[in-house]
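Remarks on the overall topology
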Amino acid sequence: MLEVENVSVGYGSIKALDGVNLEAHDGKFTVVLGANGAGKTTVVKALAGLVPLRQGSVRVDGQVMSMDVEMRPRLGIAIVPERRQLWQDMTVEEHLVLGAYRSYSGWEKFRKTVTKEVSPRIEEILKQFPALRSRFSQRAGTLSGGEQQMLALARAMSSGPKMIVLDEPTVGLSPLMVEGVFVNLQKWTSNGGAVLLVEQNAEAALQFADYGYVLQRGKIVAQGEGKKLREKGLLEEAYLGSGDL
Ligand code: ATP
């Protein structure tokens, strides 16, 4: 379980997050929604240890997360950053093997166990992403946008995490691909994993999310079960209130 308590983050004089409280539970799909500039990417950066907290704390299963980025894989957290950040010249297979490496505590140990332990894990992942199987030896830079997003997600899953944190994975994808990404995430949570997604596409995300938070100018202004949040009309208010749609 992830607990974000009273977290504030700033860039110089800009207050990007202001006393944010949120939780993400095992087996649940949690989404943080907001318009442009609401602070969504900053939430992910704070969880990734890429920006210092001015105030508050982040805990995973009760353990306080420090700025040490290596702590994330140790705690079972995989981050899928904005714009995927794939290695353009490396193949699908290399991404999945190296994704798995993050969950091992050293190259030697990884090298000895890679065939025995990692191959079955990759096989499981390919069952979930059949499109990647036929692209197994293809370089990431030559995949379509949707395939690249699937690969970013599959790479995160290959480290065997307990929680995946994603920054707007659906940007630039067709409605069908958007659904594909969310279906995969939902499937993953049904096996006990936790998902924390920051997303602008509220309409699509709330069809899949168990629980949602609405972020407006760095503050959580609404929260509730996915379906209820859709009905409340709070979203329109939050999005329009920020001046961007
Ligand atoms: P978008 O959906 O447009 O990506 P977002 O909700 O992810 O937006 P953030 O990127 O978290 O929003 O930005 C929150 C606020 O912090 C914005 O006002 C932004 O201009 C500001 N900000 C973000 N990064 C920096 C930075 N490196 N330096 C200064 N201000 C920043």
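One can find the structure itself at the top, above this paragraph.
1. Regarding empty space enclosed by the protein
Throughout the structure, instances matching the rule amount to two cavities of 30 Å³ or more. By volume, the largest cavity amounts to about 60 Å³. Residues belonging to the lining of the largest cavity are distributed by class as follows: seven nonpolar, one polar and three charged. Of the volumes computed, that of the second largest cavity is approximately 50 Å³. Lining the second largest cavity, in full, are Val-4, Val-7, Leu-17, Val-20, Leu-22, Val-43, Ala-46, Leu-47 and Val-58. Breaking the lining of the second largest cavity down by element, the ones donating at least two residues are strand 1 (2–11), strand 2 (14–24) and helix 1 (40–48).

2. With respect to the side chain of Thr-91
For Thr-91, the location among the structural elements is in the loop between strand 6 (77–80) and helix 3 (92–101). If near-sequence neighbours (up to four positions away) are discounted, Thr-91 is found in contact with Phe-136, Ser-137, Gln-138 and Arg-139.

3. Overview of the environment of Ser-158
As for its placement among the helices and strands, Ser-158 is situated in helix 6 (residues 145–158). Overall, the relative accessible area of 1% leaves Ser-158 in the buried class. On a C-alpha basis, the gap between Ser-158 and Leu-98 in space is 8.4 Å, while along the polypeptide they are 60 residues apart. Those residues within four positions of Ser-158 in sequence are excluded, and the remaining contacts are His-95, Leu-96, Gly-99, Ala-100, Arg-121 and Ile-125.

4. Considerations on the sheet that holds strand 8 (residues 194–199)
One open sheet holds the six strands; their spatial order is 6-7-8-3-9-10, and the pairing between them is mixed. Edge positions in the sheet fall to strand 6 and strand 10 (219–225), since each of these pairs with one other strand and no more. Averaged over all neighbouring strand pairs, the angle between strand axes comes to 15 degrees, with direction disregarded. With six bridges connecting them, strand 9 (residues 211–216) and strand 10 associate as antiparallel partners. Bridge pairing links Gln-216 to Lys-219 in strand 10. Each of strand 3 (29–33), strand 7 (163–167) and strand 8 is contacted by helix 7 (residues 175–190), which is oriented at about 150 degrees to strand 8, the strand it contacts most.

5. Remarks on unusual backbone geometry
Here the phi dihedral of Glu-168 falls at roughly 40 degrees; this positive angle occurs in a residue that is not glycine. A positive phi angle, near 45 degrees, is found at Arg-217, a position not held by glycine. Note that Arg-217 resides in the loop between strand 9 and strand 10.

What counts, and at which threshold
Residues numbered from 1 in each chain as written. Predicted model: local features only at pLDDT ≥ 70, side-chain atom pairs only at ≥ 80, totals over all residues. Heavy atoms only, no water. 1 Å grid on protein atoms, 1.4 Å probe; cavity = no way out; pocket = protein on both sides within 12 Å on 5 of 7 lines; lining within 4 Å. Points joined across faces, edges and corners; volume = space filled by probe spheres on them. Nonpolar A, V, L, I, M, F, W, Y, C, P; charged D, E, K, R; others polar. Helix = DSSP H or I, 4+ residues; strand = E, 2+ residues; numbered from the N terminus. Contact = heavy atoms within 4.5 Å. Buried < 20%, exposed > 50% of the residue type's maximum accessible area, 1.4 Å probe, protein only. Pairing = 2+ DSSP bridges. Axes fitted to C-alpha atoms, helices over the stretch in contact; angles between N-to-C directions.

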